[in-house]
Amino acid sequence: MSNAELVEYTPKLEELAQSQGLDFYPVDFEVVPPSFMMEVAVYGLPVRMPHWSFGVRYIYQYIQHRMGGSRIFEVVFPGNPNRAYLVNNNSLPENTLVTAHVLGHADFSKNNELFARMQSQVGYHIVEQAAERAHRIDGAIDEYGQKRVEAVLDAALALEQNIDINFPINRPGFPERMERRRGEETGSKSGFQGRFGELPGEAEELDTEGGGGSVRAPIPPRPEYDLLWFIAHYAPDLEGWEQDIFLSVREESFYFYPVFACQIMNEGWASYWHARLLREADFLPQQLYLDAIKAHSDVVRPYAGEKSVSLSVNPYHLGFHMWERIIAEHGLETALQLRAEEDDFSFVRNWLDEDLAEELQLFSYTTRRGRGGEEQYVIQDRDIHALREAILHPKFNYGAPRVYVSEMGTDGGLLLQHDHQTDGKGLDLDRAQKVLEYIQRVWRRPVQMVTVDGKGREQVLERD
């Protein structure tokens, strides 16, 4: 690949993108070797906190790559500036396509409301911030030892998906006291009091005698889903450096959430724009354009074998065709507005219709014999609502079990509840027990979690 030619085409593609209506922060492109790219893809960032789990991910990615099961064209980190890494052994047409693709990502991340909200809270320099966090953790290892630091990282990274994006990153703590409601007594009411404590006139009488006032607020005052935040601020004996690790992992999870929650939209948007920009880039040689379009076909193809329909959704494929149809039928202005306002949940529910699902072969299929004995594929289930939810279900709650803090006892004990009704399934109890062990190491008090097993039977897991 000729870096000189790529450097020549990049500013021209940026100018073309802006003339077409894209709006993005500057992009710093860097061409790197495949080994570096694989590390970035696995760790999530060029420099990140050290932990054994990333090594396991690297080995898996390396084996997949060697077996031809995956190929990494680019990695881009939204920010101001954006940072984009391209592989140096890709061909010039491939990296030209990737450059145009990155510009689509850069436009999406600047203008999508979810991305913009998270960027404004986390900051626009995630690569530098992550490197600084990694440096602090290296310092903690020097001071407190590898074993202690790794135990905290075990717990924090096991919970990295358990955040609550409905609250800001810098949220206040719980109130220490709460106003007593009229007629309310301290402690829980049961039996006769619970049934008849609000008889006409009684509430006023209790308020007159008790004088109203406030009571100590329970911790938490409501179900708390941000486990990283809760442990960082309420673990009885957590030290400052341990809290820093939990909050660092939490902040990075906030940064990555829009990438996860907008994957179909974002990858589809970038794929639509790389195809459009290449088509209109009359400064590109004809052969380079043809080779780049061949790479485009590889990117947006469905996941399927030679003789089978697509068995899982390729976000590039689905997103590209959805955006292509929206722009063709409703215009670019509508697409720009959707790009700003929606995430995958609303995008798929509102814009994936039955006709497009059938065209892309997203429904479940079965086979039958034709009149001549030939094998034919026929649609087995045409329920568009079920299809949408099947696509979106793995994306709910960052793909993690929905677990919340139910109660912190007066002795410091912690009670967790698994919201299995929302999840629609039980937990892997062996894995859940291991995560509970990680939590107990940093909580340093008894920890319980109420859940169900794979057959829906209630289970109470405990670590003392």
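Here the structure is a predicted model, which means the values were calculated and not measured. In this convention, every chain numbers its residues from 1, walking through the sequence in written order. Confidence filtering applies because this is a predicted model: local features only for residues at pLDDT of at least 70, side-chain atom pairs given and counted only at 80 or more, and all residues used for totals across whole chains, interfaces and linings. Values reported for side chains reflect all heavy atoms of the structure, with hydrogen atoms and water molecules removed beforehand.

**A few points about the overall build of the protein chain**
Each helix corresponds to a stretch of at least 4 residues labelled H or I by DSSP, and each strand to a stretch of at least 2 residues labelled E; elements are numbered beginning at the N terminus. Broken down by element type, the protein chain carries 20 helices and 11 strands. Within the protein chain, the fraction of its 464 residues that count as buried is 46%. Where accessible areas are quoted, they stem from the Shrake-Rupley method and a 1.4 Å probe; at the residue level, only the protein chains shown are allowed to cover. Summed over all atoms, the accessible surface of the protein chain reaches about 23600 Å², with 48% contributed by carbon and sulfur. The buried label applies to any residue whose accessible area, calculated with a 1.4 Å probe on protein chains only, is under 20% of its type's maximum; exposed applies above 50%, and partly exposed to all values in between.

**Brief notes about the nonpolar core**
As used here, the term nonpolar core means buried Ala, Val, Leu, Ile, Met, Phe, Trp, Tyr and Cys residues forming a set that is joined through side-chain atoms within 4.5 Å. Counting 120 residues, the largest nonpolar core has F77, F246, W323, L352 and L416 as its most contacted members. For this core, the element with the highest residue contribution is helix α11 (residues 240–261), accounting for 9 residues. In this analysis, two residues are considered to be in contact whenever any of their non-hydrogen atoms come within 4.5 Å of each other. If we skip the residues at most four places from it in the chain, F246 touches V152, A155, A156, L228, I231, A232 and V442.

**Some remarks on the sheet that holds strand β3 (residues 82–87)**
Here, strands pair whenever DSSP counts at least two bridges between them. Read from one edge to the other, the open sheet built from 3 strands follows the order β1-β3-β2, with strand pairing classed as mixed. Looking at which strands have only one partner, the edges of the open sheet turn out to be β1 (27–32) and β2 (74–77). Adjacent strand axes in the sheet meet at a mean angle of 15 degrees, parallel and antiparallel pairs treated alike. As paired strands, β2 and β3 are joined by 4 bridges and run antiparallel to one another. Bridge assignment links V76 to a residue of β3, and that residue is A84. Geometry is summarised by axes, namely lines fitted to C-alpha atoms with helices restricted to the contacting stretch, and by angles between N-to-C directions that run from 0 to 180 degrees.

**What to know about the pairing of β3**
Counting buried residues in β3 gives 5 out of 6 residues, a clear majority hidden from the surface. When β1 meets β3, the two strands line up parallel, connected through 6 bridges. Within β3, the residue paired with V31 across the bridge is L86. Connecting the antiparallel pair β2 and β3 is a turn made up of 4 residues.

**Here we look at the packing of aromatic side chains**
Think of it this way: a Phe, Tyr or Trp ring, Trp meaning its six-membered ring, pairs with another when their centres are within 6.5 Å, and the plane angle makes it stacked under 30 degrees, edge-to-face over 60, tilted otherwise. All told, the structure shown has 20 aromatic pairs when counted by the stated rule. Through a chain of ring-to-ring contacts, three or more aromatic side chains come together here, namely F174, W229, F230, Y234 and W443. Across from the ring centre of F167, 4.1 Å away, lies the NZ or CZ of R171, which sits over that ring. Working rule: Lys NZ or Arg CZ, within 6 Å of ring centre, within 35 degrees of ring normal, means a charge sits over the ring. The ring of Y225 carries R402 above its face, with NZ or CZ at 3.9 Å from the centroid.

**Let's talk about the packing of helix α12 (residues 263–280) against helix α13 (residues 286–299)**
Viewed as axis vectors pointing N to C, α12 and α13 meet at an angle of 165 degrees, and their least axial separation amounts to 10 Å. Between α12 and α13, the interaxial angle falls into the category roughly antiparallel. As α12 runs across α13, the sense of the crossing is left-handed. Along the contact surface, α12 presents S271, H274, A275, L278 and R279, while α13 presents Y289, A292, H296 and V299. Put simply, Ala, Val, Leu, Ile, Met, Phe, Trp, Tyr, Cys and Pro go in the nonpolar bin, Asp, Glu, Lys and Arg in the charged bin, and everything else, Gly too, in the polar bin. Of the residues belonging to the contact of α12 with α13, the class tally is 5 nonpolar, 3 polar and 1 charged. Any angle between 65 and 115 degrees counts as roughly perpendicular, while under 35 counts as roughly parallel, over 145 as roughly antiparallel, and the rest as oblique. By convention, the crossing between two helices is left-handed when the near helix turns anticlockwise from the far helix through less than a right angle, and right-handed when the turn is clockwise.

**Remarks on the sheet that holds strand β10 (residues 447–452)**
Read across the sheet, 4 strands follow the order β8-β9-β10-β11 without closing on themselves; strand pairing throughout is mixed. Bordering the open sheet on either side are β8 (403–408) and β11 (458–463), each of which pairs with just one other strand. Going across the sheet, the axis of each strand differs from the next one's by a mean of 20 degrees, ignoring polarity. Packing against the sheet, helix α10 (residues 227–234) makes contact with β8 and β9 (414–418), and its axis sits at approximately 30 degrees to β8.

**A short note on helix α18 (residues 384–392)**
Restricting attention to buried positions, one finds in α18 the residues I384, L387, R388, I391 and L392. All buried residues of α18 lie within an arc of 125 degrees about the axis, which places them on one face of the element. Residues of α18 that are exposed and angled more than 90 degrees away from the buried face: H385 and A390. Among the structural elements, α12, α14 (315–330), α16 (344–351) and α17 (354–359) are those in contact with the buried residues of α18. The N-terminus of α18 is capped by D383, whose side-chain oxygen sits 3.1 Å from the backbone nitrogen of H385. Summarising the geometry, the arc corresponds to the directions from the helix axis toward the C-beta atoms. Any pair of N or O atoms that falls within 3.5 Å is considered a polar contact. Within protein, one atom must be able to donate a hydrogen and the other to accept it, and sequence-neighbouring residues count only if both atoms are side-chain atoms.

**Quick word on the side chain of N112**
By the secondary structure assignment, N112 is in the loop between α4 (92–111) and α5 (113–122). Overall, N112 belongs to the buried group, its relative accessible area being 0%. For N112, the side chain forms a polar contact with the main-chain oxygen of R339, separated by 2.9 Å. Those residues in contact with N112, other than ones at most four positions away along the chain, are C262, R339, A340 and E342.

**Observations concerning the environment of R445**
With respect to the helices and strands, the residue R445 is situated in the loop between α20 (429–443) and β10. Along the backbone, R445 and L414 are 31 residues apart, and their C-alpha atoms lie at a distance of 7.3 Å. Here R445 is in contact with P236, D237, D411, G412, G413, Q440 and R463, once residues within four sequence places are set aside.

**Describing unusual backbone geometry**
Cis geometry is found at the peptide bond from N80 to P81, where omega equals 10 degrees. Relative to the helices and strands, P81 is located in the loop between β2 and β3. Residue I219 is joined to P220 through a cis peptide bond whose omega torsion reads -5 degrees. Topologically, P220 is positioned in the loop between β5 (214–216) and α10. Although it is not a glycine, N397 sits at a positive phi angle of roughly 55 degrees.

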